[in-house]
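Summary of the model geometry
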Amino acid sequence: MKNSQSSSTTASARKFGVVMALALAAFAVLSHLRAHPPARDISLVLMLLLGGLALVRPAVLIPLERIWMKVGDLMGRVMQPIVLGFIYFVLITPVAFVGRLFGRDPLHMKRSDKASHWIVRETPAIDPESFKHPY
């Protein structure tokens, strides 16, 4: 009798094999449309191999899936700071710079002659009955 961890790993390997076979099938179609017969043929052979293994013996794909996940984790660790840095320096920084050029001060941080930075808000009277049924 198999334990639950090995069956979940086998199920995960089966999903991995099926997804990779579908990706290779898409690559084979793309290679066929762009007239690259060697790439198409290699993709079809790998697709049949991975798809067949995924359906018949998914446990064979467990080491390949682990390697694939480690590569994906490494790519995420490298790409995350690059993408976030790009978003910050290309999108957020120029918007803030243009806002400051036009005098935008959303936090009201500019010096003033006020004794306090406290903003007095006028709040409407709250009916206590509104708390009984908030939704």
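First, a word on what this report is: a plain description of the structure on this page. These numbers were taken from a predicted model, which means no experiment stands behind them. Residues take numbers from 1 onward in each chain, read along the sequence in its written order. Per-residue local features are limited, in this predicted model, to residues with pLDDT of at least 70; the limit for side-chain atom pairs, both in listing and counting, is 80 or more; totals at the level of whole chains, interfaces and linings are taken over all residues. Heavy atoms throughout the structure, all of them, feed into the side-chain values; hydrogens and water do not.

**Here we look at the packing of aromatic side chains**
Just so we agree on the cut-off: When two rings of Phe, Tyr or Trp (its six-membered ring) have centres within 6.5 Å they constitute a pair, described as stacked for plane angles under 30 degrees, edge-to-face for angles over 60, and tilted for the intermediate range. Only DSSP runs of H or I with at least four residues qualify as helices, and only runs of E with at least two residues qualify as strands; both kinds are numbered from the N terminus onward. Per-residue accessibility, obtained with a 1.4 Å probe over protein chains only, is compared with the maximum for each type, and a residue is labelled buried under 20%, exposed over 50%, and partly exposed between these values.
Enumeration over the complete set of coordinates arrives at two aromatic pairs. Ring centres of F16 and W68 lie 6.3 Å apart, and the angle between their planes is 50°; on these two criteria the pair is classed as tilted. You can see F16 sitting in helix 1 (residues 4–33) and its partner W68 sitting in helix 3 (residues 62–101), a full 52 residues away along the chain. Residue W68 is classed as partly exposed on the basis of its relative accessible area of 44%. Here Y88 and F89 contribute two aromatic rings whose centre-to-centre distance is 5.0 Å and whose plane-to-plane angle is 85°, an arrangement assigned as edge-to-face.

**A few points about the side chain of S43**
Under the convention used in this document: Each polar contact in these results corresponds to two N or O atoms within 3.5 Å; when the atoms are within protein, one needs to be able to donate a hydrogen and the other to accept it, and residues that are neighboring in sequence are counted only if both atoms are side-chain atoms. Pairs of residues are marked as contacts when any of their non-hydrogen atoms sit within 4.5 Å.
For S43, the position within the fold is in helix 2 (residues 37–56). S43 sits in the buried class, given a relative accessible area of 3%. Among the polar contacts made by the side chain of S43, one reaches the main-chain carbonyl oxygen of A39 at a distance of 2.8 Å. If we skip the residues at most four places from it in the chain, S43 touches L24, F27 and A28.

**Side note on the layout of surface pockets**
Formally: Put plainly, a pocket is an open set of points on a 1 Å grid over the protein atoms alone with protein on both sides within 12 Å along at least five of seven lines, a cavity is a set where a 1.4 Å probe fits but cannot get out, and a lining residue has an atom within 4 Å of a point. Grid points are joined across faces, edges and corners, and a volume is the space filled by probe spheres set on the points. Three classes are used: nonpolar for Ala, Val, Leu, Ile, Met, Phe, Trp, Tyr, Cys and Pro, charged for Asp, Glu, Lys and Arg, and polar for all others, with Gly counted as polar.
One number sums up the size of the largest pocket: a volume of about 180 Å³. Around the largest pocket sit I92, V95, A96, G99, R100, R104, D105, P106, L107 and M109, which together line it. Of the residues in the lining of the largest pocket, the class split is six nonpolar, one polar and three charged.

Function cannot be inferred from these measures alone, as they are strictly geometric.
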